[in-house]
Amino acid sequence: MGGCGREANSRRGSEERRAGRERCCRLACASLQRHGLHTAARHCKARTGAEHLWLTRHLKDPFVKAAKVESYRCRSAFKLLEVDRRHRILRPGLRVLDCGAAPGAWSQVAVQRVNAAGTDPSSPVGFVLGVDLLHIAPLGGATFVCPADVTDPRTLQRIQELLPGGRADVVLSDMAPNATGIRGLDHDRLIGLCWSLLDMAPDLLCPGGTFLCKTWAGSQSHRLQKRLMEEFQSVRTLKPEASRKESSEVYLLATQYRRARGPRGA
Ligand SMILES: C[S@@+](CC[C@H](N)C(=O)[O-])C[C@H]1O[C@@H](n2cnc3c(N)ncnc32)[C@H](O)[C@@H]1O
């Protein structure tokens, strides 16, 4: 085959691939809209290779499908469900602070587990307080402070006012800063968020309490882990099934908090 034929073939091939991508994208968009995932559907319009890949993976993801079936606001619910199934951190009657709670899937799990909506009349009723920079749609059994920055001292005061007894038994943090794509910087910013939360823990968390936070593995991870080991009796690193294999995301679960200060220390 001559050079011209090869060029024509390769042009035709790339046009076909582009048309195929666009067809696939249109189908994906329609599917996302049918499933009420309008934000994802909007992203789909940009149609870059990376977005196309993200979309294809998203639509095939069994946790995305399961979240839809079980009415969780997003797939991350399954991370907390697994941590709780394995480590029993949520029980009826406990007070939970959910930091970085939007859109609210962890809060949904927490409400069920601590009986915050009082659905089970034979069990103690717990309390779930969620905080996020973003708006969170109302959820029965949960109280939300939003938009609010967890690291702002005014938010800490509001949290203390709202938590029964001014403290939580369990502090959850699935917080994630807006990723810049610069791995080291994103890692430092996430560790910084966990660090700020730990600085607040003496005013927030009961002695004996539990702290679960998301981190992205990196150079500062050991420093955070070391601090957790000083302040809690036990620290574990967890990678739930729903946490994508290719992501550096890991969760640190620290139990039996040793420190507390202030008049409401018990
Ligand atoms: C991965 S999402 C959390 C998903 C949530 N666990 C769920 O299951 O629905 C991370 C959230 O952290 C929030 N976030 C990041 N920095 C924050 C801060 N300083 N204060 C409050 N929320 C923050 C973001 O706005 C974002 O909604």
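Residues numbered from 1 in each chain as written. Predicted model: local features only at pLDDT ≥ 70, side-chain atom pairs only at ≥ 80, totals over all residues. Heavy atoms only, no water.

The chain has the name rRNA methyltransferase 2, mitochondrial in an unreviewed UniProt entry, where Myotis brandtii is given as its organism. UniProt, in its Subcellular location (unreviewed entry) section for the chain, records the words "Mitochondrion". Recorded in UniProt under Catalytic activity (unreviewed entry), the annotation for the chain is "uridine(1369) in 16S rRNA + S-adenosyl-L-methionine = 2'-O-methyluridine(1369) in 16S rRNA + S-adenosyl-L-homocysteine + H(+)". (UniProt positions renumbered as here; feature names shortened; annotations may be inferred.)

Draft legend 1. Geometry of the overall build of the chain. If you tally the helices and strands in the chain, you get nine helices and seven strands. Per-residue burial for the chain yields a buried fraction of 45% across its 266 residues. A separation of at least 24 residues holds for 65% of the contacts in the chain among residues at least 6 apart in sequence. Of the roughly 14,000 Å² that the chain leaves accessible, carbon and sulfur atoms contribute 53%. (Helix = DSSP H or I, 4+ residues; strand = E, 2+ residues; numbered from the N terminus. Buried < 20%, exposed > 50% of the residue type's maximum accessible area, 1.4 Å probe, protein only. Contact = heavy atoms within 4.5 Å. Areas by Shrake-Rupley, 256 points an atom, 1.4 Å probe, with all protein chains shown as cover.)

Draft legend 2. How the structure looks around the sheet that holds strand E1 (residues 95–99). Pairing is mixed in the open sheet, where seven strands are placed in the order E3-E2-E1-E4-E5-E7-E6. At either margin of the open sheet sits one strand with a lone partner, and together these are strand E3 (142–145) and strand E6 (232–238). Across the sheet, the mean angle from the axis of one strand to that of its neighbour is 15°, orientation sign disregarded. When E1 meets strand E4 (residues 168–173), the two strands line up parallel, connected through four bridges. Across the sheet, the residue bridging to Asp-98 is Leu-172, located in E4. (Pairing = 2+ DSSP bridges. Axes fitted to C-alpha atoms, helices over the stretch in contact; angles between N-to-C directions.)

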